2 protein chains.
Amino acid sequence: MTKTLATAPFLAACRGEEPSRLPVWFMRQAGRSLPEYRALRGSGSILDAIADPSISAEVTLQPVRRYGVDAAVLFSDIVVPVHAVGFGIDVVPGRGPVVEQPFAHERDLERLRPLNPEQDIAYVIETVEKVVEELDETTALIGFAGAPFTVASYLVEGGPSRTFTKVKALMHREPELWAQLADRLADLAIAFTGAQIDAGADAIQLFDSWAGSLSPDEYQRFAMPATIKVMDALASRGVPRILFGVGTGELLSLMATTGADVIGVDWRVPLDVATKRIGNHPLQGNLDPALLFAGETVIADATRDVIRRGASAPGHIFNLGHGVMPDMDPDALKFVVDLVHTEGVTIAKEAQ
Amino acid sequence: MTKTLATAPFLAACRGEEPSRLPVWFMRQAGRSLPEYRALRGSGSILDAIADPSISAEVTLQPVRRYGVDAAVLFSDIVVPVHAVGFGIDVVPGRGPVVEQPFAHERDLERLRPLNPEQDIAYVIETVEKVVEELDETTALIGFAGAPFTVASYLVEGGPSRTFTKVKALMHREPELWAQLADRLADLAIAFTGAQIDAGADAIQLFDSWAGSLSPDEYQRFAMPATIKVMDALASRGVPRILFGVGTGELLSLMATTGADVIGVDWRVPLDVATKRIGNHPLQGNLDPALLFAGETVIADATRDVIRRGASAPGHIFNLGHGVMPDMDPDALKFVVDLVHTEGVTIAKEAQ
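Chains are numbered independently. Their residues run from 1 in the order of the written sequence. Numbering of ligands from 1 and lettering of chains from A proceed in the order in which they are written. pLDDT decides what is reported in this predicted model: residues at 70 or higher carry local features, side-chain atom pairs at 80 or more are listed and counted, and totals for whole chains, interfaces and linings draw on all residues regardless. In computing side-chain properties, one takes all heavy atoms of the structure into account and sets aside hydrogens as well as water.

(A) The arrangement of the relation of the copies chain A and chain B in detail. Copy-to-copy superposition: least squares on the C-alpha atoms, limited to residues that have pLDDT of at least 70 in both copies. Each copy of the sequence occupies a distinct position, and chain A is placed on chain B by a rotation of 180° and an axial shift of 0.0 Å, giving an RMSD of 0.0 Å. Such values leave the two copies arranged in the relation of a two-fold axis. By definition in these notes, contact holds between two residues if any of their heavy atoms fall within 4.5 Å. Same-surface contact between copies: 100% of interface residues of chain A are shared with the interface of chain B.

(B) Local environment of the nonpolar core. Judged by nonpolar contacts, the single largest core of 140 residues is most densely connected at B:F10, B:V82, B:L155, B:W178, B:L181 and B:Y219. With residues near it in sequence (within four places) discarded, B:V82 still touches B:F87, B:I89, B:L112, B:V151, B:L155, B:L185 and B:L188. As used in this record, nonpolar core signifies buried Ala, Val, Leu, Ile, Met, Phe, Trp, Tyr and Cys residues forming a set joined through side-chain atoms within 4.5 Å. Burial classes: relative accessible area under 20% of the type maximum marks a residue as buried, over 50% as exposed, and values in between as partly exposed (1.4 Å probe, protein chains only). Membership of the second largest hydrophobic core comes to 139 residues, among which are A:V73, A:A152, A:V230 and A:A313.

(C) Layout of the pattern of salt bridges. All names here are of chain A. Here a salt bridge means any side-chain nitrogen of Lys or Arg lying within 4 Å of a carboxyl oxygen belonging to Asp or Glu. Under the counting rule described, the total for this entry stands at 40 salt bridges over all chains. Here D183 and K229 are joined by a salt bridge, their closest N and O atoms 3.0 Å apart. Of this pair, D183 sits in helix α10 (residues 175-199) while K229 is found in helix α11 (residues 216-235), placing the two residues 46 residues apart along the sequence. A relative accessible area of 32% places D183 in the partly exposed class. The residue D305 makes a salt bridge to R309 at a minimum N-O spacing of 3.0 Å. A residue pair is termed a helical-turn pair when its members lie 3 or 4 positions apart in one helix, as D305 and R309 do in helix α14 (residues 296-310) at four residues. Every helix listed is a DSSP run of H or I at least four residues long, and every strand listed is a run of E at least two residues long, numbered separately from the N terminus.

(D) Representation of the pairing of strand β4 (residues 140-146) of chain B. Residues and elements named next belong to chain B. Within β4, seven of the seven residues are buried, which leaves it mostly tucked inside the rest of the structure. A two-sided burial pattern is seen for β4, the buried positions comprising A140, I142, F144 and G146 on one face and L141, G143 and A145 on the other. If DSSP finds at least two bridges between two strands, the strands pair. Across three bridges, the pairing between strand β1 (residues 71-73) and β4 is parallel. The partner of A71 across the bridge, within β4, is A140. In this structure, β4 lies alongside strand β5 (residues 203-207), joined through five bridges in parallel fashion. Directly across from F144, in β5, lies its bridge partner Q205.

(E) Inspection of the interface of chain A and chain B at higher detail. Facing 33 residues of chain A, the contacting portion of chain B comprises 33 residues. Simply put, the buried area is the total loss of 1.4 Å probe accessible area from both parts when two parts are fitted together. Buried surface at the junction of chain A and chain B, summed over both partners, amounts to about 2,400 Å²; 56% is from carbon and sulfur atoms. Among the residues of chain A in contact with chain B, A:T165, A:E250 and A:R268 are the three that bury the most area, contributing 21% of the side total. Linking chain A with chain B are six salt bridges, by the criterion used here. The salt bridge partner of A:E250 is B:R277, with a shortest N-O separation of 2.7 Å. A 3.5 Å cut-off defines polar contacts: any pair of N or O atoms within that distance qualifies, except that in protein one atom must be a possible hydrogen donor and the other a possible acceptor, and neighbouring residues in sequence count only when both atoms are side-chain atoms. The interface formed by chain A and chain B holds twelve residue pairs in polar contact (both at pLDDT 80 or more) in total. Sorting the residues of the side of chain A that touches chain B by element identifies α9 (165-173), α11, α13 (271-278) and α14 of chain A as the ones contributing at least two each.

(F) Structural context of the packing of helix α4 (residues 53-67) of chain B against helix α7 (residues 122-134) of chain B. Residues and elements named next belong to chain B. To get an axis, fit a line to the C-alpha atoms, keeping to the stretch in contact for a helix; angles then go from 0 to 180 degrees between the N-to-C directions. In the contact formed by α4 and α7, the axes pass within 9 Å of each other and the chain directions differ by 45°. When the axis of α4 is compared with that of α7, the two are oblique. Seen along the crossing, α4 lies across α7 with a hand that is right-handed. The residues of α7 that touch α4, namely those facing P53, S54, S56, A57, T60 and L61, are Y123, E126, T127, K130, V131 and E134. Residue type decides the class: Asp, Glu, Lys and Arg count as charged, Ala, Val, Leu, Ile, Met, Phe, Trp, Tyr, Cys and Pro as nonpolar, and the leftover types, Gly among them, as polar. Split into classes, the residues belonging to the contact of α4 with α7 amount to five nonpolar, four polar and three charged. Angles below 35 degrees are treated as roughly parallel, those above 145 as roughly antiparallel, those between 65 and 115 as roughly perpendicular, and all remaining angles as oblique. A clockwise turn of the near helix away from the far one marks a right-handed crossing, whereas an anticlockwise turn of less than a right angle marks a left-handed crossing.

(G) The arrangement of a negative patch on the surface in detail. Taken together, the side chains of A:E126, A:E129, A:E133 and A:E134 make up a negatively charged region of the molecular surface. Among the secondary structure elements, A:E129 is positioned in helix α7 (residues 122-134). Residues enter patches when their relative accessible area tops 30% and they take part in no salt bridge; the joining distance is 9 Å for like charges and 5 Å for the nonpolar side chains Val, Leu, Ile, Met, Phe, Trp and Tyr. For every accessible area listed, the method is Shrake-Rupley and the probe measures 1.4 Å; residues are considered covered only by the protein chains on display. When charges are counted, Lys and Arg are positive and Asp and Glu negative, with His and the chain ends excluded. By convention, the point assigned to a charge is CZ for Arg, NZ for Lys, CD for Glu and CG for Asp.

(H) Highlighting the side chain of A:S45. Residue and element names in this part refer to chain A. Relative to the helices and strands, S45 resides in the loop between α2 (35-40) and α3 (46-50). Separated by 3.1 Å, the side chains of S45 and D90 make a polar contact. If sequence neighbours within four positions are ignored, S45 has contacts with D90 and V91.

(I) Region of the structure containing the side chain of B:H281. Residue and element names in this part refer to chain B. Residue placement: H281 occurs in the loop between α13 (271-278) and β8 (283-287). On the accessibility criterion, H281 (16% relative accessible area) is buried. Engagement of the side chain of H281 in a polar contact is seen with the backbone oxygen of A256, the distance being 3.3 Å.

(J) Summary view of the sheet that holds β8(B). Residues and elements named next belong to chain B. Taken in spatial order, the seven strands make up an open sheet running β1-β4-β5-β6-β7-β8-β9, and their pairing is parallel. In this open sheet, the two strands that pair with only one neighbour each are β1 and β9 (316-320). In this sheet, neighbouring strand axes are inclined to one another by 25° on average, regardless of whether the strands run parallel or antiparallel. The strands that α13 touches are β7 (262-264), β8 and β9; relative to β8, the one it contacts most, it runs at about 150°.

Laid out in C-alpha cells, this is it:
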C-alpha cells in the first residue's frame with residue numbers, strides 16, 4: 001500500500017504550502033552523535049553498516065523516535081554508488097572517504113560503469129522499504145546522493161581535501177575529461193536517487209558539500225552542468241529536490257537555477273539575505289551547529305532568529321547550517337525540535 | 001635616515017593613486033614554500049626563528065629577491081604578542097598554535113598583560129629595522145598582527161579548530177568576559193603593530209583569518225568592536241591598514257566600516273562583486289591558490305581575470321585569495337609576478 005503524505009509538514013514546506021507546523025530535521029541526525037547508534041554499531045566500516053538493511057533502517061529511524069523530527073534521512077553515504085560499481089573507495093573512521101587509486105586519466109572513466117540498482121545496491125532499496133514501512137504519514141523520508149563535483153573531489157584528490165588542488169587542476173586543464181567524469185557521476189546520482197524514490201523516498205537532497213571551494217565562474221562552468229542533469233532527470237518524479245553545500249554564499253543565485261526546488265543554506269548567510277539572492281524557492285537551514293554547545297538560552301535565541309529570517313522565504317524547513325557533529329548533545333537537538341514545533345509557526349507569522 | 005617610498009607601487013595602490021605598475025605580493029610568501037628558507041632553517045619552533053633577527057630578516061627578504069614582489073611581509077606569526085607576554089602558547093610544526101592552558105575564566109585575563117615592545121619583542125623591532133635597511137625605495141614592508149577574534153579563537157579553543165564551538169560559546173554566554181578578552185587582544189595588536197610602524201613598517205595588515213566562521217551578526221557584535229579599536233589606534237600613523245579574512249563574503253560590507261583602508265578578499269568573491277559590497281576601498285587579492293598547481297595557461301588566464309575584475313576598485317593590490325601553500329612551486333609564483341608586472345596596468349586600463 002502506498003502511503004499518502006499529503007499532510008506531512010516537511011513536504012508542504014518544500015512545495016511552498018502552509019505546513020501544520022514548522023518542519024525540522026538535521027543533516028547527519030542519524031549516526032555517531034546518538035548513544036543508541038553507538039550501542040548498535042561496532043567499529044567496522046560505515047559501508048558495512050550501510051550494506052545491512054536491518055542496521056541502516058534502524059539507524060535511520062533512531063533520530064525520528066528520539067527527536068520527533070519531520071523527516072528521516074536515509075543512513076547512507078555519498079560514496080555508496082561509486083563504491084558499489086567497484087571504483088575502489090572506503091570510508092576510514094576519523095578520516096573520511098579514501099580512494100586506493102585516484103581518478104587521473106581517461107582510462108579511469110571505465111571504473112565508473114553504470115549503476116544497476118537491483119544488483120549493486122539492493123541493500124539500499126531494502127533499507128528504504130523498511131524505513132517507509134515504519135514511518136507515520138506525517139514524517140517524510142529524504143533520500144540523497146552526492147553532487148557530481150563533491151563526489152569527484154574525493155575520487156580525484158584521493159581523500160578529503162582542504163585545498164582541492166588536484167580536482168581544480170583537472171577541471172581547468174582537461175575540461176573535456178572533467179565533463180565526462182562529472183557526467184558519469186551524474187548518471188550514478190540519477191540511478192542512486194531514482195532507486196530510492198522507486199523504493200519510497202519522499203524527497204531527495206543532493207549534497208554538494210564542497211561546492212563552496214569553487215568561485216562562481218568555476219561552479220557555473222564545472223559543477224552546474226552535471227548538477228542540472230541530475231535535477232532534470234528527477235524533475236518528472238514529483239518529489240522535492242533539495243540542493244545544499246557549505247560556504248555557498250556566492251553561489252546561491254546559481255544554485256537556484258539548477259532546477260532544485262529547495263535550497264539549503266549554511267549558517268553564514270542569514271536566511272533573509274539568502275531569500276534576496278535566491279528568489280522564489282523554499283529554503284532549508286540554517287542554525288549554526290557550533291551554537292548547540294552554548295546552552296539553552298543561546299540556542300533558543302538563535303533558533304528564533306533563524307525562524308524569523310526564514311519567514312522571508314516562500315517555505316522554510318528548519319535545519320542546522322551544517323551537519324550534526326559527533327560530540328553534540330542530543331538533548332540540545334531535542335530542545336531545538338521542541339522549540340521549532342511549539343513556537344515556529346507563530347514566530348514565522350509574526351515576522352512576515 | 002628615513003626612506004621615502006613615495007613612488008612605491010604598493011603604497012600608491014593602497015592610497016587609491018595610480019601606481020607605476022600593478023603591485024603584487026603574496027600572503028605567506030616567506031617561509032616553507034621556498035627552498036632557500038628550508039635551507040636556512042632547522043627543525044625548531046618557528047617562534048625561535050622569529051626571535052632571531054638575522055634569520056627572520058633574511059627570511060623576510062628571500063621572496064623579495066626571488067620574485068621581485070612590491071612588498072615584503074614581516075616573517076612573524078599572529079601569536080607572537082601573546083607568546084611574548086607569557087600566555088603559554090607554542091607553534092607546533094604541522095599543527096599550528098597550541099595553548100597549554102586555554103582561556104576559560106576571568107582570571108585568565110591576567111595572563112594577557114600589556115606588551116612592552118622594547119622588552120618583550122625587541123627582536124621584532126630589530127628585524128624590521130634590518131629589513132627596511134635592505135629594501136629599495138619601491139618596495140614596501142608590511143607589518144601585521146592577528147585580529148582579536150582570530151587570536152582569541154586559538155586561546156579559547158586551545159589550538160586550531162574547524163568548528164569554533166568553544167569560542168562561540170564564550171562570546172554568546174559571557175559577552176562581557178569576551179569583550180574584555182577581545183579588548184586586551186586589541187591592545188596587544190595595537191602595541192605590536194605600533195612597534196613595527198615605529199621601526200619602519202610601511203603598512204599593516206590585520207589577519208582575521210577565521211572571521212568567515214562567524215555570521216554577520218556575530219561578526220558585528222563580537223569581532224568588529226575590537227577590530228575597530230585597532231584600526232582607530234593606527235589611524236593617526238599614516239600607514240595603510242589592510243584587513244583580511246577567509247570566507248568573508250557575507251562580512252565584506254561590515255569589514256569596510258572598521259576603518260580599514262584596504263580590504264583583502266579571498267578567491268570565492270570575484271573582485272568586481274566585492275567592489276559592489278565594499279564601495280570606495282582599494283582591494284587586495286584574489287587568485288585562487290589552488291590554481292597555482294594547474295599549469296601556466298590556467299594560471300595566466302586566471303591572473304588576467306583577477307586583474308580585470310580588480311580594475312573595478314579604486315585601487316588593486318594583486319595577491320592570492322589565501323596564503324601560499326608549503327608545496328607550491330616558486331616558479332609558478334614568479335610567473336604570476338612577472339605577468340602582473342608586465343601586463344597588469346594595460347589589462348586593468350582596458351577593463352575600466
